[in-house]
Number of protein chains: 2
Amino acid sequence: MKIVVLAGGHGGARYTRGLRAELGNPPATEITVIGNTADDLVLHGLNICPDLDTLMYTLGGGLAEDRGWGRSDETFHANEELAAYGVPGSWFGLGDRDLATHLVRTQMLTAGYSLTDVTEALCARWLPGVSLLPMSDDRVETHVVVNDDEGQRAIHFQEWWIRYQAKSRAERFIYVGAPEAQPGPEVVPALMNADCILLAPSNPVVSIGAILSVPAITSALKQTPAPIVGVSPLISGRAVRGMAEQCLSTIGVPRDAASVARHYGSRQSDGVLDGWLVDEQDRDACADLAEDGIATSALPLLMTDVNAAATIASESLRLADRVRL
Amino acid sequence: MKIVVLAGGHGGARYTRGLRAELGNPPATEITVIGNTADDLVLHGLNICPDLDTLMYTLGGGLAEDRGWGRSDETFHANEELAAYGVPGSWFGLGDRDLATHLVRTQMLTAGYSLTDVTEALCARWLPGVSLLPMSDDRVETHVVVNDDEGQRAIHFQEWWIRYQAKSRAERFIYVGAPEAQPGPEVVPALMNADCILLAPSNPVVSIGAILSVPAITSALKQTPAPIVGVSPLISGRAVRGMAEQCLSTIGVPRDAASVARHYGSRQSDGVLDGWLVDEQDRDACADLAEDGIATSALPLLMTDVNAAATIASESLRLADRVRL
């Protein structure tokens with residue numbers, strides 16, 4: 001069986017780790033993860049891919065579990081020095097071990113390899129047990145139009161997210177480069193040949209939404225014969241981690257699980273969802289999604305550990321089986 | 001008074017620190033250091049200038065004094081990870097704090113600044129109390145022709161020095177790019193307007209020799225009205241640190257202080273030396289250098305601490321005064 005997961009960083013990585021555990025490691029099933037690259041940035045001359053790295057480190061056993069991002073056993077000496085030199089960008093949490101990943105990536109990209117090739121090369125070390133694909137080899141960047149004391153301006157998503165901790169009100173998100181971007185060479189084939197496609201409980205705007213901003217990916221999702229099941233990133237209207245609420249407000253989507261599902265839309269009405277997993281607290285509020293053509297299932301969605309994530313992944317597959325019929 | 005020092009890394013930095021101490025900090029006298037850049041290398045996509053950095057860190061108080069190279073309070077996590085990724089070049093001791101220097105430098109060079117400009121910018125943080133000039137903004141690289149189990153081949157000086165610890169016999173040194181290289185824009189003016197020029201007790205082949213390999217620098221030394229005094233890097237035929245002996249053997253210069261002076265040559269016979277400071281142990285062996293037109297002075301040359309280096313610097317200036325007459 002071939003399963004494809006669309007994923008951002010933290011939530012996507014934990015969900016995929018649960019899926020891998022559910023399926024056995026190495027899994028009999030082939031898992032392909034399409035990672036968001038619209039968070040990527042060039043900082044200090046380095047090509048940094050936060051979501052791909054979080055996926056790679058989490059699945060490869062190199063994540064700082066307590067922090068939830070970056071490398072375990074990490075130091076931040078290079079970043080301290082960059083700040084001492086007074087160069088801009090030291091608000092980004094650039095770890096010393098993490099730096100090596102960016103150095104290898106930047107060198108390979110400079111030498112002409114695609115991000116897909118580079119990601120495969122990096123994964124040769126981390127052995128994540130999945131095939132990790134960047135959504136695109138083209139440059140796509142989520143910019144955020146903010147309006148604060150410094151006036152209205154567009155800043156890179158990472159700057160808004162990390163430097164300003166999403167406190168500057170976002171007026172708009174722009175997926176720069178997305179309209180012209182092509183999916184990575186293996187992305188559409190993976191989607192078209194999948195037996196099941198899962199949308200991880202990642203941020204619906206800046207993670208999954210950014211992946212969907214690449215036109216050919218959304219087209220493939222609408223055309224693929226595979227059932228598509230998403231997992232709500234909201235529990236009782238709150239994101240477990242990250243700032244999905246702020247992002248949803250910006251795009252005018254109410255902060256509840258049912259509204260996020262309607263935002264993705266049913267495949268029966270030109271959307272990308274067949275099924276939607278919600279937290280048991282949201283069971284009643286989502287009951288009427290069936291009328292929109294979205295099948296639902298409810299269970300605890302808090303990924304407290306790998307087992308909890310595996311249970312959620314397992315129920316995702318069960319719902320996919322149900323909607324496949 | 002304007003003093004110019006030609007310097008490699010470790011010995012040059014310690015000598016210059018002594019000179020600065022001797023002259024007071026900030027010195028009434030203007031010190032310009034012309035640093036060797038032929039050790040520079042591009043590694044992991046980073047522009048690394050080992051000698052300039054050793055000078056900058058030593059004079060700026062950031063050197064790991066115990067190790068004698070790289071940053072104090074240093075870790076090597078990025079380098080461990082580069083090795084784990086299996087990329088070549090992890091034999092180079094790339095520290096995490098040090099990395100920040102290379103990142104800033106690489107970014108500025110990529111943006112089009114010259115190495116002279118970049119060095120000035122980096123020094124704005126370190127405040128070395130001297131004007132630190134790269135010998136050239138052009139790429140000059142010392143390559144070493146070795147002949148070992150893997151056959152005859154040319155390797156970068158750093159690879160020979162650090163990876164092979166100078167154990168592969170060097171057949172020849174080649175200063176790649178030197179014949180066409182121009183001195184940095186402030187180098188020749190500094191030499192022509194100096195009141196005194198000092199050759200630090202650096203490696204006469206791969207440090208001072210590499211600086212002299214830039215034709216216009218050697219021409220300026222031959223033409224400048226300033227007296228030129230060198231300090232022997234050998235004490236009783238041995239280098240205090242580094243591998244000057246191996247380098248001298250390769251170019252066929254006997255391993256003693258007098259022979260190194262003759263190798264530099266007297267300015268009276270188209271060389272670059274007016275005076276030569278030797279260790280007291282080498283006093284007798286160097287007595288006849290006067291016949292070659294090189295004035296000498298003898299004192300303990302071991303730079304055990306800043307005071308010892310200051311005494312040597314002071315005696316260098318005294319000898320310069322003597323030969324000026």
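Residues numbered from 1 in each chain as written. Chains lettered and ligands numbered in written order. Predicted model: local features only at pLDDT ≥ 70, side-chain atom pairs only at ≥ 80, totals over all residues. Heavy atoms only, no water.

1. A few points about the overall build of chain A
Broken down by element type, chain A carries twelve helices and 14 strands. Overall, the C-alpha framework of chain A stretches about 60 × 45 × 40 Å when taken along its three principal axes. Expressed as a percentage of the 325 residues in chain A, the buried residues total 61%. Considering only residue pairs separated by 6 or more positions, chain A has 69% of its internal contacts joining residues 24 or more positions apart. As displayed, chain A offers around 12,500 Å² of accessible surface, 48% of which is attributable to carbon and sulfur atoms. Of note, chain A has its 25 positive side-chain charges centred 2 Å away from the centre of its 41 negative side-chain charges. (Helix = DSSP H or I, 4+ residues; strand = E, 2+ residues; numbered from the N terminus. Buried < 20%, exposed > 50% of the residue type's maximum accessible area, 1.4 Å probe, protein only. Contact = heavy atoms within 4.5 Å. Areas by Shrake-Rupley, 256 points an atom, 1.4 Å probe, with all protein chains shown as cover. Lys, Arg positive; Asp, Glu negative; His and termini not counted. Charge placed at Lys NZ, Arg CZ, Asp CG, Glu CD.)

2. Considerations on the nonpolar core
Residues A:V5 and B:V5 are the most contacted members of the largest nonpolar core, which totals 108 residues. With sequence-adjacent residues up to four places away left out, A:V5 is seen in contact with A:Y15, A:T16, A:L19, A:I31, A:T32, A:V33, A:I34, A:L198 and A:A200. Counting residues in hydrophobic clusters, the runner-up holds 56 residues, among them A:V144, A:I155, A:I228 and A:L273. (Core = buried A, V, L, I, M, F, W, Y, C linked by side-chain atoms within 4.5 Å.)

3. Points about the relation of the copies chain A and chain B
With an RMSD of 0.0 Å, chain A superimposes on chain B once it is rotated by 180 degrees and translated 0.0 Å along the axis. In symmetry terms, the pair is related by a two-fold rotation axis. In terms of proximity to the rotation axis, the leading residue of chain A is A:D96, whose C-alpha is 3.0 Å off the axis. Interface overlap between copies is the fraction of interface residues in one copy that are interface residues in the other; for chain A against chain B it reaches 100%, indicating a shared surface. (Least-squares fit on C-alpha atoms with pLDDT ≥ 70 in both.)

4. As for the interface of chain A and chain B
Contact residues are listed per partner, giving 26 residues for chain A and 26 residues for chain B. Counting the surface lost from both chain A and chain B, the interface buries some 2,300 Å², and carbon and sulfur atoms represent 62% of this. Applying the counting rule to chain A against chain B returns eight salt bridges. The partner of B:E80 in a salt bridge is A:R97, with the nearest N and O atoms 3.1 Å apart. Summed over the shared surface of chain A and chain B, the result is 16 residue pairs in polar contact (both at pLDDT 80 or more). Only α2 (50-60), α3 (77-85), α4 (96-110) and α5 (115-126) of chain A provide two or more residues apiece to the side of chain A that touches chain B. No other element matches the eight residues that α4(A) contributes to the side of chain A that touches chain B. Per-class residue counts for the side of chain A that touches chain B are 14 nonpolar, six polar and six charged. (Buried area = accessible area lost by both parts, 1.4 Å probe. Salt bridge = Lys/Arg side-chain N within 4 Å of Asp/Glu carboxyl O. Polar contact = N/O pair within 3.5 Å; in protein donor to acceptor, adjacent residues only side chain to side chain. Nonpolar A, V, L, I, M, F, W, Y, C, P; charged D, E, K, R; others polar.)

5. Re unusual backbone geometry
Peptide bonds are, in most cases, trans, and in most cases residues other than glycine have a negative phi. Even without being a glycine, A:D73 presents a positive backbone phi close to 55 degrees. Among the secondary structure elements, A:D73 is positioned in the loop between α2 and α3.

6. Some details on the packing of aromatic side chains
Counted according to the given criterion, the structure contains 16 aromatic pairs over all chains. Pairing B:W69 with B:F76 gives two aromatic rings, centres 6.1 Å apart and planes at 65 degrees, and the pair type is edge-to-face. Looking at B:F76, the relative accessible area reads 25%, which means it is partly exposed. By the ring-pair criterion, three or more aromatic residues cluster together here, those being A:F157, A:W160, A:W161 and A:F173. Seen from the ring of A:W126, A:R125 lies directly overhead, with NZ or CZ sitting 4.2 Å from the centre. (Phe/Tyr/Trp six-rings, centres within 6.5 Å; stacked < 30°, edge-to-face > 60°. Lys NZ or Arg CZ within 6 Å of the ring centre and 35° of its normal.)

7. Concerning the side chain of A:R105
Residues and elements named next belong to chain A. When you line up the elements, R105 lands in helix α4. A polar contact of 3.4 Å, which involves the side chain of R105, links it to the side chain of H102. When sequence neighbours within four positions are dropped, the list of residues in contact with R105 reads N47, I48, C49, D53, L115, V118 and L122.

8. A short note on the sheet that holds strand β13 (residues 275-278) of chain A
All names here are of chain A. In spatial order, the strands read β5-β2-β1-β9-β10-β13-β14; together these seven strands make up an open sheet with parallel pairing. The open sheet has two free edges, formed respectively by β5 (131-134) and β14 (295-298), since each of these has just one partner strand. The average angle at which neighbouring strand axes cross in this sheet is 20 degrees, direction not considered. Sheet analysis places β13 next to β14, joined by four bridges and oriented parallel. Note on β14: the bridge partner recorded for W276 is T296. Sheet contacts for α2: β1 (2-7), β2 (30-35) and β5; angle to β5, the most-contacted strand, approximately 175 degrees. (Pairing = 2+ DSSP bridges. Axes fitted to C-alpha atoms, helices over the stretch in contact; angles between N-to-C directions.)

9. A look at the environment of B:I211
All names here are of chain B. Its location among the elements puts I211 in helix α8 (residues 208-212). Among the residues examined, I211 registers a relative accessible area of 0% and is labelled buried. Each C-alpha atom of the pair I211 and S136 lies 8.6 Å from the other, and the pair is 75 residues apart in sequence. Aside from chain neighbours lying at most four places away, what touches I211 is L6, A7, I34, G35, N36, M135 and I217.

10. A closer look at empty space enclosed by the protein
All names here are of chain B. This model, assessed by the stated rule, comprises one cavity of 30 Å³ or more. The computed volume of the largest cavity comes to approximately 40 Å³. Lining the largest cavity, in full, are R14, R17, G18, M303, D305, V306 and A309. Counting residues per element, the lining of the largest cavity draws most heavily on helix α1 (residues 10-23), at three residues. In the lining of the largest cavity, the residues fall into three nonpolar, one polar and three charged. (1 Å grid on protein atoms, 1.4 Å probe; cavity = no way out; pocket = protein on both sides within 12 Å on 5 of 7 lines; lining within 4 Å. Points joined across faces, edges and corners; volume = space filled by probe spheres on them.)

11. As for the packing of α2(A) against α5(A)
All names here are of chain A. Closest axis-to-axis distance for the α2/α5 pair is 10 Å, and the angle between their directions is 20 degrees. In terms of their interaxial angle, α2 and α5 are classed as roughly parallel. Relative to α5, α2 is oriented so that their crossing is right-handed. Contact with α2, carried on its side by L52, M56, Y57 and G60, involves L115, T119, L122, C123 and W126 of α5 and no other residues of that element. Considering only residue class, the contact of α2 with α5 consists of seven nonpolar, two polar and no charged. (Parallel < 35°, antiparallel > 145°, perpendicular 65-115°, else oblique. Left-handed = near helix turned anticlockwise from the far one by under 90°.)

12. With respect to the domain arrangement of chain A
Reports often express the size of an interface as the amount of accessible area lost when the parts come together. All names here are of chain A. Looking at the assigned domains, one finds that chain A contains domain 1 (1-39 + 136-325) and domain 2 (40-134). On a C-alpha basis, the centres of domain 1 and domain 2 stand 22 Å from each other. Listed by partner, the interface residues are 35 residues for domain 1 and 26 residues for domain 2. Carbon and sulfur atoms make up 57% of the area that domain 1 and domain 2 hide from each other, which totals about 2,500 Å². Run the count over domain 1 and domain 2 and you get one salt bridge. A salt bridge links R17 to E65; its shortest N-O distance comes to 2.7 Å. The interface formed by domain 1 and domain 2 holds 15 residue pairs in polar contact (both at pLDDT 80 or more) in total. (Domains from an automatic or database assignment.)

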